[in-house]
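# Residue-level structural notes
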Amino acid sequence: MVTFELEQFIITADRIWQKALEEKRLTHNPPDEELRQLVEKQPGVRKTIYGNFVARSEPTSRSAMFTKNSVDQSFGEDELKLLTQCEKALGKERLISIDRIVGNENSNTTVRLIVPERFAHVAYGGKNLFISPKGEVKKPTYYIIFFADEAFETNQLKSLPDKDITIRLAMLDDGRFVKIIRNGNYIGEHKKGVFAAEDWAAKTRKRGIFLHTGCREDYLQSAHGDYCMARTLLVALSANGKTTTTCRILARKGKEKSWLIQDDGGTLTPDGSFHGFEAGGIFVKTEGVNPGEQAEIFYGLLKPETICENVYVTEDGDFDFFNFERTSNGRAVVLRRDFMHASRYIDVDRIDNLILITREPLIPAISKLTREQAAALMVLGQAMESSAGDPTQAGKIRSEFFYDPFVAGDLAEHANVFYEIIKGIPYLNYYLINTGGIGEGEHYKDIRLEFTMAILDSLLRGGLEDWLDSPTGFKVPRAIRYVDDIYLHPEKLYSTIEFEEKQRELNKIRYESVKELGDSLHPDIRKVFSKPNVA
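To keep things clear, this report deals only with the structure shown in the data block. (Residues numbered from 1 in each chain as written. Predicted model: local features only at pLDDT ≥ 70, side-chain atom pairs only at ≥ 80, totals over all residues. Heavy atoms only, no water.)

Right, let's get into empty space enclosed by the protein. Taken as a whole and judged by the stated rule, the model has 3 cavities of 30 Å³ or more. In this structure, the largest cavity occupies an estimated 50 Å³ of space. Lining the largest cavity, in full, are Thr286, Glu287, Asn310, Val311, Tyr312, Asp320, Phe321, Asn323, Phe324, Thr327, Ser328 and Gly330. Looking at the lining of the largest cavity, its residues break down into 4 nonpolar, 6 polar and 2 charged. (1 Å grid on protein atoms, 1.4 Å probe; cavity = no way out; pocket = protein on both sides within 12 Å on 5 of 7 lines; lining within 4 Å. Points joined across faces, edges and corners; volume = space filled by probe spheres on them. Nonpolar A, V, L, I, M, F, W, Y, C, P; charged D, E, K, R; others polar.)

What follows is the structure in structure tokens.
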């Protein structure tokens, strides 16, 4: 068996960068105009009538099935081979490297992105997600490195499961991290590399828990006439409504304000504060974006500094966000300054609401949860697969622990850390919203975005005061302004016998999912869903 030291990842990354610098093959932290010129030269890139660029990535989504990390898997001969391949491939090409700060401007955590020049759009998007360091970065905390070999071209003719891709995440004990992507140039692999590094660091080094969440701050007039501040986390799997619900402005009058704090991840700490990790830009999904429903995102996509991936561009250079000829997973990095209501800060000192987002025909449009139910549902992580994860499974209901495909380490321990943190935040409220639909077949009712936002508006204004027990096991509001009561009572769309049978089956799935984590899971979480009756 090959003895493997994770330090080899750091040594290889340093050597790749240093050799390219010495041989004058390295463009390090180029100014925007120079980087834009490199993007424009990249094969397949198109410039739109708005002055921004659209690149074609390969693949068009993350490659989770080809990804391993050093915490959950043993590294050995395959990883040594990968490092050798990486160094050899990048030793012959012109490279771009970008140094950035992870977190706010006072953070000591940095990331260095290294890509071949032919992947310039990844450097441009990666640069815009984070903010510039104040000085020279000598020893980056994280490295993200992309390279390609001869299989990169042939992969384009294959479906994702058949592609030849290798991705490895080396998580060192001292907090350093290296991610290597072989045969991929999807910006999301960079973003989620930093995400995974922060995910691991939060619970091992920062006394917190990293969540796959958006964060919004609203100062709204309440149902009683006074104004109140609410900070809300919205937790979800990719493309289940997290960015849309986080970004939509609710402020409408007087002194009201709605701010986007962070759209896709951050650390919740024991003192109840939340700390974002991307201070530069926002990584948005472009599928079906329109100015009527998603004005905040739509106009950000038209800014010159926005970089897009896999978005359809017409012959005259305009966007068509409803053309999915290549993929429905069109993506873009929009600078925070081009988002009209992006806050000037990505951290808040208090979180008032934790909202889990799911899709399931038996779940009301909104439910109120106990702390223990929220923790158990985080373990379950029920959502809908999207083209951002596995395009071949898009649209299917799935479970993803903590709605987070990047959790590393012991899962029960992860859940216990989360539970202990929220137990120490007595004022935190917990909710579950369904952004899919209720009922099935001819009785199916779509929960439209306007309904979800009306529910969120009422909730944050303190308008949902009376909660009733629901046969779903949660509580539902007595009524919601603008939303028909049927959306709170999916049981009415089934016969009594049919609903009870389906609810028993759902609870069985929940019980077994929680049970899989074993006896080390906190008993308060284990007992939320009771053992199903044996017929």
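Before going further, it helps to examine unusual backbone geometry. Of note, the bond from glutamate 58 into proline 59 is cis; its omega dihedral lies within 30 degrees of zero at -5°. Tracing the chain through its elements places proline 59 in the loop between strand 3 (53–55) and strand 4 (67–69). Although it is not a glycine, asparagine 310 sits at a positive phi angle of roughly 60°. Mapped onto the elements, asparagine 310 comes out in the loop between strand 17 (307–309) and strand 18 (331–335). The buried category is assigned to asparagine 310, whose relative accessible area is 5%. (Helix = DSSP H or I, 4+ residues; strand = E, 2+ residues; numbered from the N terminus. Buried < 20%, exposed > 50% of the residue type's maximum accessible area, 1.4 Å probe, protein only.)

With that out of the way, let us pick up the side chain of lysine 191. Residue placement: lysine 191 occurs in helix 6 (residues 187–205). Here glutamate 278 takes part through its side chain, which lies 2.8 Å from a polar atom of the side chain of lysine 191. Those residues in contact with lysine 191 that sit more than four places away from it in its chain are Leu129, Asp264, Phe277, Glu278 and Phe283. (Polar contact = N/O pair within 3.5 Å; in protein donor to acceptor, adjacent residues only side chain to side chain. Contact = heavy atoms within 4.5 Å.)

Put simply, helix 9 (residues 371–380) and helix 12 (residues 496–515) touch, their axes get as near as 9 Å, and they point 80° apart. Taken together, the axis directions place helix 9 and helix 12 in an arrangement best described as roughly perpendicular. Together, Ala376, Leu377, Val379 and Leu380 of helix 9 and Ile509, Arg510, Ser513 and Val514 of helix 12 make up the contact between the two elements. A per-class count over the contact of helix 9 with helix 12 returns 6 nonpolar, 1 polar and 1 charged. (Axes fitted to C-alpha atoms, helices over the stretch in contact; angles between N-to-C directions. Parallel < 35°, antiparallel > 145°, perpendicular 65-115°, else oblique.)

Here the focus is the packing of aromatic side chains. The description of two aromatic rings rests on the distance between their centres and on the angle between their planes. If you walk through the whole model with that rule in mind, you get 19 aromatic pairs. Taken together, a centroid distance of 6.0 Å and an interplanar angle of 85° make the contact between phenylalanine 195 and phenylalanine 277 edge-to-face. Highlighted residues: phenylalanine 195 in helix 6 and phenylalanine 277 in the loop between strand 15 (274–276) and strand 16 (281–285), separated in sequence by 82 residues. Taking the centre distance of 5.1 Å and the plane angle of 85° together, the rings of phenylalanine 402 and phenylalanine 418 count as edge-to-face. Taken as a pair, phenylalanine 402 in the loop between strand 23 (397–399) and helix 10 (411–423) and phenylalanine 418 in helix 10 lie far apart in primary sequence, 16 residues in all. For the residue pair phenylalanine 402 and phenylalanine 418, the accessibility class agrees, reading buried in each case. Through a chain of ring-to-ring contacts, three or more aromatic side chains come together here, namely Tyr50, Phe298, Tyr299, Phe319 and Phe321. The side chain of arginine 112 reaches across the aromatic face of tryptophan 17, ending 4.2 Å from its centre. (Phe/Tyr/Trp six-rings, centres within 6.5 Å; stacked < 30°, edge-to-face > 60°. Lys NZ or Arg CZ within 6 Å of the ring centre and 35° of its normal.)

The element strand 24 (residues 429–434) is largely enclosed, with a buried count of 5 among its 6 residues. Relative to strand 24, strand 20 (residues 353–358) runs parallel, the two sharing 6 bridges. Counterpart to asparagine 353 in the pairing with strand 24 is asparagine 429. Here 4 bridges tie strand 21 (residues 366–369) to strand 24, and the two strands are oriented antiparallel to one another. Across the sheet, residue leucine 369 finds its bridge partner in strand 24, namely tyrosine 430. (Pairing = 2+ DSSP bridges.)

Moving on, we come to the side chain of asparagine 416. Locating asparagine 416 in the fold gives a position in helix 10. We classify asparagine 416 as buried; its relative accessible area is 18%. With residues up to four places along the chain from it excluded, the contact list for asparagine 416 reads Ser520, Leu521, His522 and Ile525.

With that out of the way, let us pick up the nonpolar core. Residues Ile96, Val115, Tyr142, Ile144, Phe146, Phe177 and Val194 are the most contacted members of the largest nonpolar core, which totals 47 residues. A per-element tally of this core places helix 6 first, with 7 residues. Leaving out residues up to four positions away in the same chain, tyrosine 142 has contacts with Val102, Thr109, Thr110, Val111, Arg112, Gly175, Phe177, Val194, Ala197, Glu198 and Ala201. Of all hydrophobic cores here, the second largest spans 44 residues; its members include Phe274, Leu380, Ala383 and Leu517. (Core = buried A, V, L, I, M, F, W, Y, C linked by side-chain atoms within 4.5 Å.)

Among the surface-exposed residues, Glu498, Glu501, Glu505, Glu512 and Glu516 lie close enough to one another that they form a single negatively charged patch. Within the fold, glutamate 516 resides in the loop between helix 12 and helix 13 (523–526). (Patch = residues over 30% accessible without salt bridge, like charges linked within 9 Å, V, L, I, M, F, W, Y side chains within 5 Å. Areas by Shrake-Rupley, 256 points an atom, 1.4 Å probe, with all protein chains shown as cover. Salt bridge = Lys/Arg side-chain N within 4 Å of Asp/Glu carboxyl O. Lys, Arg positive; Asp, Glu negative; His and termini not counted. Charge placed at Lys NZ, Arg CZ, Asp CG, Glu CD.)

Let's shift gears to the environment of arginine 461. Along the polypeptide, arginine 461 turns up in the loop between helix 11 (449–460) and strand 27 (467–469). Once the C-alpha coordinates of arginine 461 and tyrosine 430 are considered, the two residues, 31 residues apart in sequence, prove to be 16 Å apart. Sequence-distant contacts of arginine 461, that is, excluding residues within four places in its chain, are made with Leu220, Gln221, Ser222, Ala223, Leu250, Arg252, Lys253 and Glu256. A polar atom in the side chain of arginine 461 sits 3.1 Å from the backbone oxygen of glutamine 221.

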